[in-house]
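Observations on the three-dimensional arrangement
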Amino acid sequence: MYAYRYTYQPNSTSKYNAYKSMGTASLDNSKSSGTATLKYTVQSSDTAKISVVISNSVSGEIDAVFAKIKASTSVSVSKSVSYTAGTSYSASLTIPAKKHGSITGYLPAIKTSGKIKIEHYDANSTDKYVISTTYKTVNTSYVPLTSDRHFVSKTW
């Protein structure tokens, strides 16, 4: 019997703060003579999913990317992270008189690229004899963070 073993070898891995937008809260304070405070609340419910870009990928390759990122980073990641409309966060913005303001909330992810090592081996042999080894490119891919959120505030 033959089997495959997948190993992800990243070339780059970094945190990407703006993976999935959770929506923008805004406030028009342009007609006021005093300051106003805008507090962020999630605008809509949705799910951010792992996005692995490999030509003709199979689930074992996607699992290998996820396993490597999970094992090699100090943050909690998941293949799928949901967020719910109406959830409030501590992000707030003081908007001066005669100005507009907004806060956009994002679900961050780990951004990665590299290659998958694919070993085709004999599962019946005691030493798991490797018959062939091939590689596939992993283009820019994302693994969502479970508990981190990022907020961008603007006034104009």
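All values reported here derive from a predicted model rather than from experimental measurement. Starting from 1, residues in each chain are numbered consecutively following that chain's sequence as written. Side-chain atom pairs in this predicted model are given and counted only at pLDDT of 80 or more, local residue features only at pLDDT of at least 70, and totals for whole chains, interfaces and linings cover all residues. Side-chain figures throughout are based on the complete set of non-hydrogen atoms in the structure, without hydrogens or water.

1. Let's talk about the overall build of the protein chain
A run of H or I in DSSP counts as a helix once it spans at least four residues, and a run of E counts as a strand once it spans at least two, with each numbered from the N terminus. A count of helical and extended segments in the protein chain gives one helix and nine strands. Helices (α) and strands (β) of the protein chain occur, in sequence order from the N terminus, as β-β-β-β-α-β-β-β-β-β. For the protein chain, whose C-alpha radius of gyration is 22 Å, the value lies well above the compact-globule estimate of 15 Å for 156 residues. Projecting the C-alpha coordinates of the protein chain onto the three principal axes gives extents of approximately 80 × 25 × 25 Å. The long-range fraction of contacts in the protein chain, counting pairs at least 24 apart against all pairs at least 6 apart in sequence, stands at 82%. Just to be clear, the radius of gyration here is over C-alpha atoms, and the globule rule we use is 2.2 Å times residues to the power 0.38. The criterion used for residue contact is that any of the two residues' heavy atoms lie within 4.5 Å.

2. Considering the environment of W156
Within the element layout of this structure, W156 appears in the segment after β9 (150-155). As for W156 and D46, which are separated by 110 residues in sequence, their C-alpha atoms are 29 Å apart. Residues within four places of W156 in sequence aside, it is in contact with K99, H100, G101 and S102.

3. Points about the packing of aromatic side chains
Working definition: rings of Phe, Tyr and Trp (its six-membered ring) pair if their centres are within 6.5 Å, and the pair is stacked with planes under 30 degrees apart, edge-to-face with planes over 60 apart, and tilted otherwise. Counted by the stated rule, this structure contains six aromatic pairs. Plain terms: the ring middles of Y19 and Y142 are 5.0 Å apart, the flat faces sit at 25 degrees to each other, and that makes the pair stacked. Note that Y19 is positioned in strand β1 (residues 2-29) and Y142 in strand β8 (residues 130-144), a separation of 123 residues in sequence. Members of the aromatic cluster, connected to one another through ring pairs, are Y16, Y19 and Y142. For R5, the ring lying beneath its charged end belongs to Y121, and the centroid distance is 4.4 Å. Over the ring of Y135 we find K115, and its NZ or CZ is 4.7 Å from the ring centre. Definition used: whenever NZ (Lys) or CZ (Arg) falls within 6 Å of the ring centre and also within 35 degrees of the ring normal, the charge is taken to sit over that ring.

4. Side note on the nonpolar core
Here, nonpolar core means buried Ala, Val, Leu, Ile, Met, Phe, Trp, Tyr and Cys residues that are tied together by side-chain atoms lying within 4.5 Å of each other. For every residue, the accessible area obtained with a 1.4 Å probe (protein chains only) is divided by the maximum for its type, and the residue is called buried under 20%, exposed over 50%, and partly exposed between those limits. The biggest cluster of nonpolar side chains holds 15 residues, and the ones touching the most others in it are Y8, V65, I69, V77, I116 and V138. Listing elements by their share of this core, those giving two or more residues are α1 (59-72), β7 (99-122) and β8. Excluding its chain neighbours within four sequence positions, the residues that come into contact with I69 are Y8, T13, V77, I110, T112 and V143. Within the second largest apolar cluster, ten residues are counted, among which are V42, A91, L93 and I95.

5. Quick look at the confidence of the model for the protein chain
Regions with low pLDDT carry predicted coordinates that are not meant to be interpreted in detail. Per-residue confidence from the predictor is reported as pLDDT, a score between 0 and 100. Averaged over every residue, the pLDDT of the protein chain is 94; the share at 70 or more is 100%. The element-level mean pLDDT for the protein chain is lowest in strand β6 (residues 88-95), coming to 93, with β9 highest at 97.

6. Regarding the side chain of N29
When you line up the elements, N29 lands in strand β1. With near-sequence residues (within four places) excluded, N29 lies in contact with G34, T35, A36, I95, P96, A97, K98, K99 and H100.

7. Quick look at the environment of E119
Tracing the backbone shows E119 in strand β7. For the pair E119 and Y135, spaced 16 residues apart in sequence, the C-alpha separation works out to 8.8 Å. Here E119 is in contact with A3, Y4, R5, V130, S132 and T133, once residues within four sequence places are set aside. Polar contact is the term for a pair of N or O atoms within 3.5 Å; when the atoms are in protein, one must be able to donate a hydrogen and the other to accept it, and sequence-neighboring residues count only if both atoms are side-chain atoms. Of the polar contacts made by the side chain of E119, one reaches the side chain of R5; its length is 2.7 Å.

8. Description of unusual backbone geometry
Not every positive phi belongs to a glycine, and N56 is a case in point at roughly 50 degrees. With respect to the secondary-structure elements, N56 resides in the loop between β4 (51-53) and α1. Positive phi outside glycine occurs at K98, with the angle close to 70 degrees. Along the chain, K98 falls in the loop between β6 and β7.

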